[in-house]
Every structure is written in C-alpha cells, then in structure tokens.
Amino acid sequence: MQSLKAKLISFSRALLHDPIHIFGVVSFLLLVALAIAPAKDHFSEWRHYQQQYLRLIHDRGDAVTLQRHFQGGIRQIWLPDLGVVDRCQSCHTGLDETSLADVSTQPFRRHPPIPHRLDEFGCVVCHRGQGAATTVAEAHHSTLAREEPLLPARYIEASCGQCHHVALPGTPKLNQGRELLARYGCVRCHSIRLPDSSTITPTDQPPPLTHIADKTTREWIYAWLKDPASYAASATMPNFQLSDADARDISAFLIANSEPLPGDAAAATVAATAPDPAAGASLYGESFCASCHAVQNAAGNVVGGDIGPELTRIGSKVKPEWLQAWLRDPRTYNSHTLMPRYRWSEQQLRLLSGYVQSKTDTDFLANVHLDPATPRQIARGKALVTEYGCAVCHEIRGIQKPENFAPELSRIGSKPLAQLVFLSGMPQTLPDYIAAKVRRPRAFGAALRMPQYSFTTDQEEALTTALLSLTDRSFTLPARLQIASPPAATYQPAGHAGKLMAELNCFACHRINGRGGEMAPDLSWEGSAVQRPWLDAFLKSPNTLRPALIRRMPKFNLSDSERAELTDYFMTVYQTADIDRDAIPLSSYSAGLVEQGRQLFYSKYSCQSCHQVNPQQDKGYIGPPLTQVGSRLNATWIYHWLKNPQASRPGTIEPNQNINDEDANALTAFLMTQKAPGVREAKR
Amino acid sequence: MKRLAGIFGTLVTLAAGCAHHPTSTPALHATATGAALVESSGGKQLGTPGTSLAQPLVVQVNDAQGNAVAGAVVEFRGAEGVSFDPATSLSDSSGQVTTTVTLGGSAGRYELTAVSNDKAGKEFVLKVTELAAGYQEQLGFELQDQYCARCHDPESSPQRVSNYDNLAVKPHAFTDGETLTKLSDSDLTAMISHGGPALNRSALMPPYGATLSKSDIQALIAYIRLVADPPWRVTGVVDAKR
C-alpha cells in the first residue's frame, strides 16, 4: 500500500515538474473534454434509430421516395398555442409514411390513420409523455420528472375527450365512461366542471325518502342497505358496506322520519279481490311495462328496459296499498318520477297490482329480524345518514343536501403523482390509481365514505378513460379546438296539453325540440309527418308499427277528449317550416304514375330489401312496414323523406339515394295508395 | 472469515435470484402429453389495443386419436406487448386450457401461438389470430354496426333481428375474405357510394355515398380489411416472437 502511494507521487512529480509538461497534460485533458460532446451526440439513441431506419428502407421498392422524405437530425414539432414541443419524430421517423403500412417494428410503424394531422396537434396532446426528451426512457416513462409518462393504449380515447365534449362515433369507451359517470350518480358527490363551464348532469333517478314508510318496510330498507345488488341485479345504488348496526339504525331513522301521505293508506280494497295472475300478466304485457322495467328471468338475465327500477322482487318490497296508489297516480308520491300516469280502471288497477305484488322472493327477507327501534338508534341513524351523505342523492326530511360532498374531479386526469397515496404493490401511475380507486375505493382506507360499486372490468376501464380525459391541458387548449357539449334543453310544451304530456312523461322516451330520451322516435315534426286520424287511432291503440320490437309505446287509456287535445296540439305545434303538408294531395293519383312508382320501388330502388308493401311477397324487415303508409303519412312528408331522409330525421339509417324529382313523385304516388283496409273500403 | 461467508451467501442469493427471474411462475409438471392442439373458442376476436379481449381464449389438447388429454402443459406466446393470464397452464379434465389475452399497444392482426410438447418432447403448436382495431377500424366497426350489419350479419341478437334471410340475393359477411379481398379499395368505395348496381351487382344494396362521408367509407373499408378471413394482406402482421 505504502509503495503504491510512493510510486504515484513520484509519477506525478515526474509529469508535472516542468511547466511545459503541465501545459501538455492540461491541453490533452481539454481535448478529451471537447471530444465528449460530439461523441455523446454521435452515440445518441435517436441517431442509432435513424441509421436503423435508413437500413430498413434501403432495400424497399419505394426506397427513393422514403429517402427523399427522410430528414436527419432532431426533428421537432413546435406548437406554442398547444404547449407542444415534440421531438418524437426523431426516432419515430416513419409516422407519416403511408407506404410503411406493412412495417410492424417500432419505432418505425406508420401512425394508424386518425382524423387529425400530426403537424397540427403533435404527439403528447394525445399520448402524453415528455415530448422534448430525446431518450426513450425519459420520453416514454418520464424517469426524472416522474410526472407525465405515456398514456397506456387502452385509455387513449381519454385524449379525444380533452376537446370533444360531445359523443364521437369512434370513441365508444369514452362515451360509455361519461354515461356511467352520469348514470351511477358519480357526479352527484363529485362535481365535474368542463372547460366550456358546463357540468355533467346526473341521469339517475334516486327516489325521495320523505314518505318511505308508506312504500316499504324497515326490514326491506335494512336488507337493501346491506346489499342493493341482492335485491336487484341492476341496482344503481352502490354498496356502502354498512355494518349490521349501521343498517339497523339508518333503517330505524328513515322509517321514523317518514311522513305519511293520505292517499297511500286510502286504498284499503286491496285484499278484497283475489288476484288473477293470467289477466294481470296480460295487462302487464299490454301496457308495455317491460319497455321501462326489467325482470330477471330463470337464466339470470335481466330482460327489459332500464328507465324504471327492476321488478324481479318488487312484491317483497312494496306495500299493496302503496302500490295501488302509486299505479293510480305516481306523481303524488314522487313529483319527479319518470313513470307515466296510466288511466287504468279500478278493476285494472287491482289486476295489475296483484300481478306485480306476486313477484316476490321469500328468501330475500327471511333472515332479517329487527327489534323495535329505540330513540338512541334513531338518533344514531340520523348521524349516519348525514355522515354518508345520503341526502346528496335522496330527498330526506330534515336533512340539508350537502354541497361539494366529495372532491371535485374537473382536473383529475392531470393530478400530480406527488399528491397520490398509492397502495403498496400497485404500479405507481395515475391511470392505475384511478382504476384501483374505482374498483375498490375502501381499499385506500376503511374510513373512506365512497361506496363499493359492482362494475365490470369494461365499465371500470370506461370510467377510468372518462376521468383521464379531465386534464389541465383541456382547460388551456385554444377555444377554437373545443367542441362544446350541447346546452341542456329546457323545452317545455305549453298549456293543458303540456301538462298532459308531463303526466304521460313523453320525454322519457321521445325527443322533442332537443329535449328527451332516444328510445323512441323524435316527435319535433310529427305534425308534418302524419295524418291526423292515424295519430288519434295510434294514441288509442298504439300497436301498429314495428310489431317485433320488445320495447314499445304503452297504451295509456286516454279519454277521447284527452286524445283529441294531444292530437290537436301535435298537429298544430310540431311542424317543420320546410314542409307544407298540404302541397301534395293524399289520394287520386293516376294509375300510370302509381304503376311507375311500383316499378321503381321493386326494381331501381329495391325498397323491398328493407320495407314491406305486400306482406305475402316482401320480406324486408328493417324499416317500418309500409302496408298502410298511405293512411299514416302525409304525401309531402314522404316526398321530402325520399329526397333526403337525414334532413327529415337526422341519423336515420335509410340512405339518401339521390332520387330525382320525377322518381320521388312516382314513388310517393305508389306509397300513398297503400291505405289501411278501413279507408280503402270507405272509398269504394 | 465471517465477512467472506456473508459475501458468499449474498452471491449465492443473487445468483439464485438471477436464475429464477426469467421464469417467475412456478414450473408446471406435465402429467400427460398430447399430440395436437385445437381451438375451442376465443379466436378472431376484435379488441382494442392494450385491452383484454372480451372472451377468454380456450384451446384443447388432444392425443393422436383426437381424445382430450388432461394434465398437459400448454404455453401461450405472442408478439411483444401481448400478455396472457395465465401464460402457462395445465389442461383440465376436459383437455382444455383457458387464458385471458391482453393485446399489445398497436392496432392490427396478432398471431398468437399455443405450444405443447408431445411424448418425444417435440413441440407442436396452434396458431390463433386476434384483431386489434385502431381508431379507423373502430369507427368502421361502429358504422357497420349502425348501417350494414342488419343485412350483412346473418346472426340475429335480442337487440336486432337480422334481415339476411329476407333478402333474395344474399349479402357477403364482412369476414368473407375470399370474396371481398378480390375487390380493390376503389371498387368497394364505388359499391358503398353508389350501391350494388355500380359493379353490376344486386340493387338490394343501396347507395350510401350521400349519407356517409368519404372518411366514413374509408373507415368501413379499413374495418372490412381488418376482419377479412383469410387475411387481406399477409404482410402487416405483428410477428409472433418469443
């Protein structure tokens, strides 16, 4: 050891004893230092990839073109208004080359076709990552800043949602996620403000609990609170994972806090008549209850609509007298319900309530035994109801609806990793954090109040995608790129007819002037489309169109005067200015024109592939049957529809066939001769 | 001496760790061997990049006589980015092995292989294709679901009754590569835009040129090319490697 030290000292003395030697050594070191920079540059990753790329294209047939397109060195996209400095193309050299479609090795794959140009948006706006970095590790995984790594491919649709606040046809996952945020009431606790300063509005229908003791029993509330999914497979209410004592006390409070409604106890005639299951079932079918309500069948599938609650075990829930009062007029109990007021007779009410009441599950409440509630339990129940924020969704007497109950999520997609507390063993990225939180919220702390949902993996992924779209960047993007969500429609039909439409809840299924559901046809221009007698007959007995559909228009049993009022309102108000419905006559066409129309229908335009005029011969079953279309639609509407179906009903799948005026005229004549039997006889 | 033993111990642990690392799953011991692999279900699914496929992939191990073999080891392999859960498994009592496939991050066709060993220790394989739709193919899928599938898909579902059987001239399923691969992109575009008569085919196919945009039609063709069976182009495959 000593000798080594001595040797070193003598060596350095020999080297540095002379100033010229010192100068020589220092010059050499300077030279080395100067050489490091170009050497580092020469051995950089991107240069290595560019050389690989040149070798890759060298032997191809299109080598000359590709070589002409190739630019060496660091390539950069700089978009100041988007905050983009992307050097990704330094390695991903072939992103724009359509002829490289067959190359599958990265980083040389062509970018799959998308509606945006690379030089207008850059890369990180969609893919995240560090655009300015020039090494793979730093650009993709952000090893130094640890803030913005690449967005995994499965969540890529989130990036579309930064600008597109309306549903896009190409982003099903994002659209589903946004629907789930609204449908499962996520946005009731977590407010979400979008860059266009609109908010996501919930679409679920949590019932008020003001009169709950009239409707159901404390035992049912207890079992429901313990596990909503055990009552209804399609329940939207999540599981709060309450202890037995918590569920006992909350149910005690809700029953004690309930205020009786006079109407609910009045129907005491319930047990007087024995229910007739067959007649009840057929009334349930005729009334098309299944358009909104689902029932779980023996195979475990939930069959029916999802507008109203599932009715599989409804008999174990509701009290018979309440059910009758509800069926008579649902709005007395819940003024915001989507359930229409059917005009059933007393006899029908008994039949239907008897049938619905028979849907019971004896096992459901078999193990629920509750002692009478004590004042202490009730007081504790009230405290729990406040703690868990039940009043955020449900109207509860004496409890104020809390504001901002849970953290706002308007920018959750950019939440800094430093602010997140990860579970041990989970990947430390934002998408993984959000997905884990959606999957099992209480895993992040037993004291957390967020309930447990029973989402499928697809739904979790969709929700994570929708949440990841709520980024800081979406707020700083220039306004010209923002595609705002349409404003919430507030259309309200006026007068007595408007009140009638509110009672029948037409808007639950039909859309009029931008407001309403999408299950049934848009009625904004119904008055221009149909003939008055048909509309009146349809409201009386709505069973003529599309007989194979499961979800159909219910029969409301309207009185003659109510029907006349609705029909008048529709025919007068719901018209389009573009169509004068009296411009083309309803009948008396020349036989030649009708025959010409028939030829066109069956040969040139082959309408029979989707429609039926002669049920014995035509089989097409996509569009509605046209056997009686001459009694249903106005001639002018048919003519305009043929000329451009999408202009009459945006989004309809009947293609615009560029039919010329003469052909459209002949087809209209042919279709207008397809009258209902009664009308044809009357003419003879 | 003590220190030396410590260092030695550490080295042994490290070496063991390194040796163990590549096969983190415990080795499975085959109790039987088969002679062939057949696909039971889960092939040719359309998924999205980076996502698990909706249905699991199920393959069956058979012996030379075609009888199911239980207890044979099957290993799944795919291109970079593809993962299997589980990647290696023993066939169950009905000879089947079930795995969940997660596709890689890029769109395209994925050729996966299931591998097992026969009595002599020789590998035999089964090739399975899965599809990952990029933006354009995804849009094409949505559009065909809305506009085309009612006639072109012979299968009915509870939500939609197929119109296929009602048509005098039967439309081609989009997976019918034999027919559709013979049509060039411009022929397909002409047919979608101007209807069947444009290529002297059935007038039951109406024109969509005034209803769908140019990019919509491109997306439809991209979808048709992706799902074509046999594949539209042999190239462009995400190669299977270990």
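These figures come from a predicted structure and were not determined experimentally. (Residues numbered from 1 in each chain as written. Chains lettered and ligands numbered in written order. Predicted model: local features only at pLDDT ≥ 70, side-chain atom pairs only at ≥ 80, totals over all residues.)

### A few points about the overall build of chain B
Counting secondary structure elements, chain B contains six helices and nine strands. Each of the 242 residues in chain B was classed as buried or not, and the buried ones make up 32%. Nonlocal contacts in chain B, meaning residues at least 24 apart in sequence, comprise 60% of its contacts between residues at least 6 apart. (Helix = DSSP H or I, 4+ residues; strand = E, 2+ residues; numbered from the N terminus. Buried ≥ 20, exposed ≤ 12 C-beta atoms within 10 Å, placed from the backbone. Contact = placed C-beta atoms within 7 Å.)

### Regarding the overall build of chain A
Looking only at helices and strands, one finds 34 helices and six strands in chain A. The C-alpha atoms of chain A give a radius of gyration of 35 Å, which is well past the 26 Å a tight globule of 684 residues would have. Taking the principal axes of its C-alpha atoms as reference, chain A extends roughly 125 × 85 × 45 Å. The burial tally for chain A puts 32% of its 684 residues in the buried class. Restricting the contact set of chain A to residue pairs at least 6 apart, pairs at least 24 apart contribute 65%. (Rg over C-alpha atoms; globule rule 2.2 N^0.38 Å.)

### As for the interface of chain A and chain B
Chain A puts 32 residues into the contact, and the matching count from chain B is 36 residues. Elements represented by at least two residues in the side of chain A that touches chain B include exactly helix H23 (457–468) and helix H29 (591–604) of chain A. Grouping the constituent residues of the side of chain A that touches chain B by class yields 15 nonpolar, 11 polar and six charged. (Nonpolar A, V, L, I, M, F, W, Y, C, P; charged D, E, K, R; others polar.)

### Remarks on helix H19 (residues 346–357) of chain A
Structurally, the α-helix is built with 3.6 residues per turn, so residues lying three or four positions apart point the same way. Residue and element names in this part refer to chain A. For H19, spanning 12 residues, the distance from its first C-alpha to its last is 16 Å, which sits close to the expected 16 Å at 1.5 Å a residue. With nine of its 12 residues buried, H19 lies for the most part within the structure. All buried positions along H19 are accounted for by Leu349, Arg350, Leu351, Leu352, Ser353, Gly354, Tyr355, Val356 and Gln357. (Expected span 1.5 Å × (residues − 1).)

### Describing the domain arrangement of chain A
Each assigned domain of chain A is listed with its residue range as follows: domain 1 (2–40), domain 2 (45–150), domain 3 (172–203 + 411–481), domain 4 (212–393), domain 5 (495–573) and domain 6 (591–683). Computed from C-alpha coordinates alone, the two centres of domain 3 of chain A and domain 6 of chain A are separated by 49 Å. (Domains from an automatic or database assignment.)

### Some words on the domain arrangement of chain B
It is common to report an interface's size as the accessible area lost on association of the parts. All names here are of chain B. What the domain assignment reports for chain B is domain 1 (36–132) and domain 2 (135–227). Just the C-alpha atoms count here: the centres of domain 1 and domain 2 sit 31 Å apart. Residue-level contacts link four residues of domain 1 with five residues of domain 2. Classifying every residue of the side of domain 1 that touches domain 2 gives three nonpolar, one polar and no charged.

### Things to note about the sheet that holds strand S2 (residues 46–47) of chain B
Within a sheet, each strand pairs with its neighbour through backbone hydrogen bonds, oriented either parallel or antiparallel. Residue and element names in this part refer to chain B. Read across the sheet, five strands follow the order S2-S9-S8-S4-S6 without closing on themselves; strand pairing throughout is mixed. Where the open sheet ends on each side, the last strands, each with one partner, are S2 and strand S6 (88–90). With three bridges joining them, strand S4 (residues 73–77) and strand S8 (residues 108–117) adopt antiparallel strand pairing. The residue of S8 that forms the bridge with Arg77 is Thr113. (Pairing = 2+ DSSP bridges.)

### Description of the sheet that holds strand S5 (residues 83–85) of chain B
Residue and element names in this part refer to chain B. Ordered in space as S1-S3-S7-S5, the four strands form an open sheet in which the pairing is antiparallel. Two strands lie at the open edges of the sheet, namely strand S1 (36–41) and S5, each paired on one side alone. With strand direction ignored, the average angle separating the axes of adjacent strands in the sheet is 35°. Where S1 lies against strand S3 (residues 57–62), five bridges are found, and the strand directions are antiparallel. Bridging across to S3, Ser41 finds its partner in Val58. (Axes fitted to C-alpha atoms, helices over the stretch in contact; angles between N-to-C directions.)

### So, the nonpolar core
Within the largest apolar cluster, 44 residues are counted, with the highest numbers of intra-cluster contacts made by Val74, Leu220, Tyr223 and Ile224 of chain B. The residue makeup of this core includes at least three contributed by each of domain 1 (36–132) and domain 2 (135–227) of chain B. The residues contacting Ile224 of chain B, other than those within four sequence positions of it, are Phe174, Leu180 and Leu188 of chain B. If you look at the next biggest cluster of nonpolar residues, it comprises 30 residues, including Val613, Ala635, Ala666 and Met672 of chain A. (Core = buried A, V, L, I, M, F, W, Y, C linked by C-beta atoms within 7 Å.)

### A short note on the confidence of the model for chain A
Residues and elements named next belong to chain A. Residues of chain A with pLDDT of at least 70 account for 96%, and the chain-wide mean is 88. Mean pLDDT values over the elements of chain A span from 50, in helix H34 (residues 677–683), up to 95, in H23. Under a pLDDT of 50 for its full length, residues 679–684 has, in the predicted model, two contacts with residues more than four places off or in other chains. (pLDDT = per-residue confidence, 0-100.)

### Section: unusual backbone geometry
Apart from glycine, the bulk of residues carry a negative phi angle, and the bulk of peptide bonds sit in the trans form. Residue and element names in this part refer to chain B. Between Asp85 and Pro86 the backbone carries a cis peptide bond, its omega angle lying at 0°. Note that Pro86 resides in the loop between S5 and S6. Residue Pro230 follows Asp229 across a cis peptide bond; omega there is 5°. For Pro230, the location among the structural elements is in the segment after helix H6 (214–227).

### A few points about the pairing of S3 of chain B
As paired strands, S3 of chain B and strand S7 (residues 96–102) of chain B are joined by four bridges and run antiparallel to one another. Counterpart to Leu57 of chain B in the pairing with S7 of chain B is Thr99 of chain B.

### A look at the environment of Cys163 of chain A
Residue and element names in this part refer to chain A. Locating Cys163 in the fold gives a position in the loop between helix H8 (157–160) and helix H9 (172–183). Distance in space between the C-alpha atoms of Cys163 and Ser469 is 9.0 Å, their sequence separation being 306 residues. Contacts of Cys163, omitting those with residues within four sequence positions, involve Leu477, Leu481, Gln482 and Ile483.

### Brief notes about the environment of Ala213 of chain A
All names here are of chain A. By secondary structure assignment, the location of Ala213 is in helix H11 (residues 212–215). Along the backbone, Ala213 and Leu365 are 152 residues apart, and their C-alpha atoms lie at a distance of 17 Å. Here Ala213 is in contact with Ile255, Ser258 and Pro260, once residues within four sequence places are set aside.

### Points about the packing of helix H5 (residues 185–194) of chain B against H6 of chain B
All names here are of chain B. The contact between H5 and H6 brings their axes to 10 Å, and the two run at 125°. By the angle class used here, H5 and H6 are oblique. By crossing handedness, the relation of H5 to H6 is classed as right-handed. Within the contact between the two elements, H5 uses Asp185, Leu188, Thr189, Ile192 and Ser193 and H6 uses Ile217, Leu220, Ile221 and Ile224. Of the residues that constitute the contact of H5 with H6, the class distribution is six nonpolar, two polar and one charged. (Parallel < 35°, antiparallel > 145°, perpendicular 65-115°, else oblique. Left-handed = near helix turned anticlockwise from the far one by under 90°.)

### Some thoughts on the packing of helix H17 (residues 320–328) of chain A against H19 of chain A
All names here are of chain A. Where H17 contacts H19, the two axes come as close as 10 Å, and the packing angle between them is 125°. Taken together, the axes of H17 and H19 are oblique relative to one another. Note on packing geometry: the crossing formed by H17 with H19 is right-handed. Between H17, through Pro320, Leu323, Gln324, Leu327 and Arg328, and H19, the contact on the second element is made entirely by Leu349, Leu352, Ser353, Val356 and Gln357. Looking at the contact of H17 with H19 residue by residue, the class counts come to six nonpolar, three polar and one charged.

### Examining the pairing of S7 of chain B
Note on strand geometry: in a regular strand, side chains alternate between the two faces of the sheet. Residues and elements named next belong to chain B. Burial along S7 is one-sided: the face carrying Val97, Thr99 and Val101 is buried and the face carrying Gln96, Thr98, Thr100 and Thr102 is not. Relative to S7, S5 is paired through three bridges, and the arrangement is antiparallel. Among the inter-strand pairings, Ser83 is bridged to a residue of S7, identified as Thr102.

### Side note on the environment of Gly34 of chain B
All names here are of chain B. Mapped onto the secondary structure, Gly34 falls in the loop between helix H1 (2–20) and S1. Distance in space between the C-alpha atoms of Gly34 and Asn117 is 7.1 Å, their sequence separation being 83 residues. When near neighbours in sequence (up to four residues on either side) are disregarded, Gly34 contacts Val61, Asn62, Asp63, Val69, Ala72, Ser116 and Asp118.

### Some thoughts on the confidence of the model for chain B
The predicted coordinates should not be examined in detail at positions where pLDDT is low. Residues and elements named next belong to chain B. Mean pLDDT over chain B works out to 83, with 85% of the residues at or above the 70 mark. Low confidence marks residues 234–242, where pLDDT is under 50. Its contacts with residues over four positions away, or in another chain, come to 25 contacts. Of the two predicted TM-score estimates for the complex, the pTM is 0.86 and the ipTM is 0.84.

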